[in-house]
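Secondary and tertiary structure notes
Chain residues, written in single-letter form:
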Amino acid sequence: MKPVPHATSLRRAPVQRRSAERLTRILDACADLLDEVGYDDLSTRAVAQRAGVPIGSVYRFFGNKRQMADALAQRNLERYSARVTERLRETGGGDWRVAMDAVLDEYLEMKRTAPGFSLVDFGNQIPVGARHSEPNHRVADRLSELLSGYLDREPDEDLRRVFLIAVETADTLVHLAFRVAPDGDPKIIEEMREMLRAYLSRVLD
């Protein structure tokens, strides 16, 4: 199981601080508008207006709104990784149960609070309703990188497969929980947590 390379949707990477700040404003505007109007009614022109930048600035980075949503999904993954890393740094130790709670809790928090996350998360939902395997492979690869040292295990094919199964399971059940209730049905979330603990205890203990 080879690691999935990180996707990049940028036509041109920002090199100057002002350009990086403009890209941040564009992605922030994209996220806000996704929550307000959805993906179908999202437009590059509306994003440019919300971000307060010329339309040409948007096209300097992105060819279309799909590329913009993909870049937002990649930024979500980077921010999620940073949040999980910080949680694990605070907890110390090497208990996989602590790691699993950090991974799941930070994902649920972003699901509830991060603009645009409910539609794009790490790339699974755009176009709306589409579900592709590659983003979950990418998340599993990232978790293998983040947690292998914490768990004192090699980020090998076996560990990647374990995390891929856990990520695919959590992805399906989290989306079910948020279809049932706006903030995620707590009973479904708890059932999912117990299911993941049972699976991971068999392979990580």
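The rules behind the values
Residues numbered from 1 in each chain as written. Predicted model: local features only at pLDDT ≥ 70, side-chain atom pairs only at ≥ 80, totals over all residues. Heavy atoms only, no water. Helix = DSSP H or I, 4+ residues; strand = E, 2+ residues; numbered from the N terminus. Expected span 1.5 Å × (residues − 1). Buried < 20%, exposed > 50% of the residue type's maximum accessible area, 1.4 Å probe, protein only. Contact = heavy atoms within 4.5 Å. Axes fitted to C-alpha atoms, helices over the stretch in contact; angles between N-to-C directions. Parallel < 35°, antiparallel > 145°, perpendicular 65-115°, else oblique. Left-handed = near helix turned anticlockwise from the far one by under 90°. Salt bridge = Lys/Arg side-chain N within 4 Å of Asp/Glu carboxyl O. Core = buried A, V, L, I, M, F, W, Y, C linked by side-chain atoms within 4.5 Å.

1. Brief notes about helix α1 (residues 17-37)
Here α1 spans 30 Å end to end across 21 residues, near enough to the 30 Å set by a 1.5 Å rise per residue. The set of residues buried in α1 consists of L23, I26, L27, A29, C30, A31, L33 and L34. Buried residues along α1 sit against α2 (44-51), α3 (55-61), α4 (65-91) and α6 (117-120).

2. Examining the packing of α4 against helix α5 (residues 96-113)
Packing of α4 against α5 leaves a shortest axis separation of 9 Å and a crossing angle of 140°. On the basis of the axis angle, α4 is oblique to α5. For the pair α4 and α5, the crossing hand works out as right-handed. On α5, the residues touching N76, R79, Y80, R83, V84, R87, L88 and T91 of α4 are V98, A99, D101, A102, V103, D105, E106, Y107, E109 and M110.

3. Section: the pattern of salt bridges
Pairs can form between side chains of opposite charge once their charged atoms are near each other. In total, this model carries 20 salt bridges according to the counting rule given. Residue R193 pairs with D105 through a salt bridge whose shortest N-O separation is 3.0 Å. You can see R193 sitting in helix α9 (residues 186-204) and its partner D105 sitting in helix α5, a full 88 residues away along the chain. Note that R161 and D158 form a salt bridge whose closest N and O atoms lie 2.7 Å from each other. Here R161 and its partner D158 are both found in helix α8 (residues 157-180), 3 residues apart, which amounts to about one turn of the helix. For R161, a relative accessible area of 34% corresponds to the partly exposed category. The network of salt bridges with common partners includes R83, R87, D101, D105, E106, E190, R193, E194 and R197.

4. Concerning the nonpolar core
Generally speaking, a soluble globular protein has its nonpolar side chains buried in company with each other. Ranked by internal contacts, the top residues of the largest apolar core, which has 40 residues, are Y80, L143, L147 and M192. For this core, the secondary-structure elements that each account for two or more residues are α4, α5, α7 (134-151), α8 and α9. It is α8 that provides the largest number of residues to this core, a total of 11 residues. Membership of the second largest hydrophobic core comes to 23 residues, among which are L33, V47, V58 and V120.

5. Focus: the packing of α1 against α2
Orientation of α1 relative to α2, taken along the N-to-C sense of each, is 115°, at an axis distance of 8 Å. Judged by the twist between their axes, the crossing of α1 over α2 is right-handed. Here R25, I26, A29, C30, D32, L33 and E36 of α1 lie close against α2, whose contacting residues are A46, V47, R50 and A51.

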